[in-house]
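Results of the structural survey
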Amino acid sequence: MNVKGNINLIFLSCIIISFSTTISKPLHFSKEKIDIKIDEGLAIVNGTYTFINKSKNVLTRTLFYPFPVDKSFIYPDSIFVSDQNNKPIPFTKSSSGI
């Protein structure tokens, strides 16, 4: 079976996520929901990650989402990252994640 990967990451919260600092205490990881669908040789993985801003200020943080890339798991062929309103969030790819 020829399996391709498709990752959709949706970040839900009243925060702005950017790529300038690291995660600190005001930003709280609340929950995750992973849906996997296998159909006609295509694996579609949708991950919904919820973060809570515990401060009264807008936060900017760097987040890294790793992929298990090896002989058994290929790098996803498409990745989409958006906020709770489906507005795209820019991201940077690395060899082991985004």
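Just above sits the structure.
First, a word on scope: everything that follows refers to the structure included in this document. Small disclaimer: the values here were computed from a predicted structure and weren't measured. (Residues numbered from 1 in each chain as written. Predicted model: local features only at pLDDT ≥ 70, side-chain atom pairs only at ≥ 80, totals over all residues. Heavy atoms only, no water.)

For the rest of this paragraph, the subject is the environment of phenylalanine 29. Along the chain, phenylalanine 29 falls in strand S2 (residues 27–39). For the pair phenylalanine 29 and tyrosine 49, spaced 20 residues apart in the sequence, the C-alpha separation amounts to 7.8 Å. (Helix = DSSP H or I, 4+ residues; strand = E, 2+ residues; numbered from the N terminus.)

With that settled, the discussion passes to the pairing of S2. Two elements, S2 and strand S3 (residues 42–53), share twelve bridges in a ladder whose sense is antiparallel. Bridging across to S3, isoleucine 38 finds its partner in alanine 43. Connecting S2 to the antiparallel partner S3 that follows it, the hairpin turn spans two residues, and glutamate 40 within it adopts a positive phi of roughly 50°. (Pairing = 2+ DSSP bridges.)

As a further point, take unusual backbone geometry. Positive phi is not limited to glycine here, since glutamate 40 has a value of about 50°. Note that glutamate 40 resides in the loop between S2 and S3. Owing to a relative accessible area of 80%, glutamate 40 belongs among the exposed residues under this scheme. In this structure, asparagine 86 takes a positive phi of about 65° despite not being glycine. (Buried < 20%, exposed > 50% of the residue type's maximum accessible area, 1.4 Å probe, protein only.)

To continue, consider the packing of aromatic side chains. Under the defined criterion, the tally for this structure stands at five aromatic pairs. Judged by centre distance (5.4 Å) and plane angle (65°), the rings of phenylalanine 29 and phenylalanine 51 are edge-to-face. With a gap of 22 residues between them, phenylalanine 29 in strand S2 and phenylalanine 51 in strand S3 connect regions that are remote in the sequence. For phenylalanine 29, a relative accessible area of 42% corresponds to the partly exposed category. What makes phenylalanine 51 buried here is its relative accessible area of 10%. Taken together, a centroid distance of 5.5 Å and an interplanar angle of 65° make the contact between tyrosine 65 and phenylalanine 67 edge-to-face. Exposure remark for tyrosine 65: the relative accessible area of 24% places this residue in the partly exposed category. Judged by its relative accessible area of 10%, phenylalanine 67 falls in the buried class. (Phe/Tyr/Trp six-rings, centres within 6.5 Å; stacked < 30°, edge-to-face > 60°.)

Interpretation note: all reported values are geometric properties and have no functional meaning in isolation.
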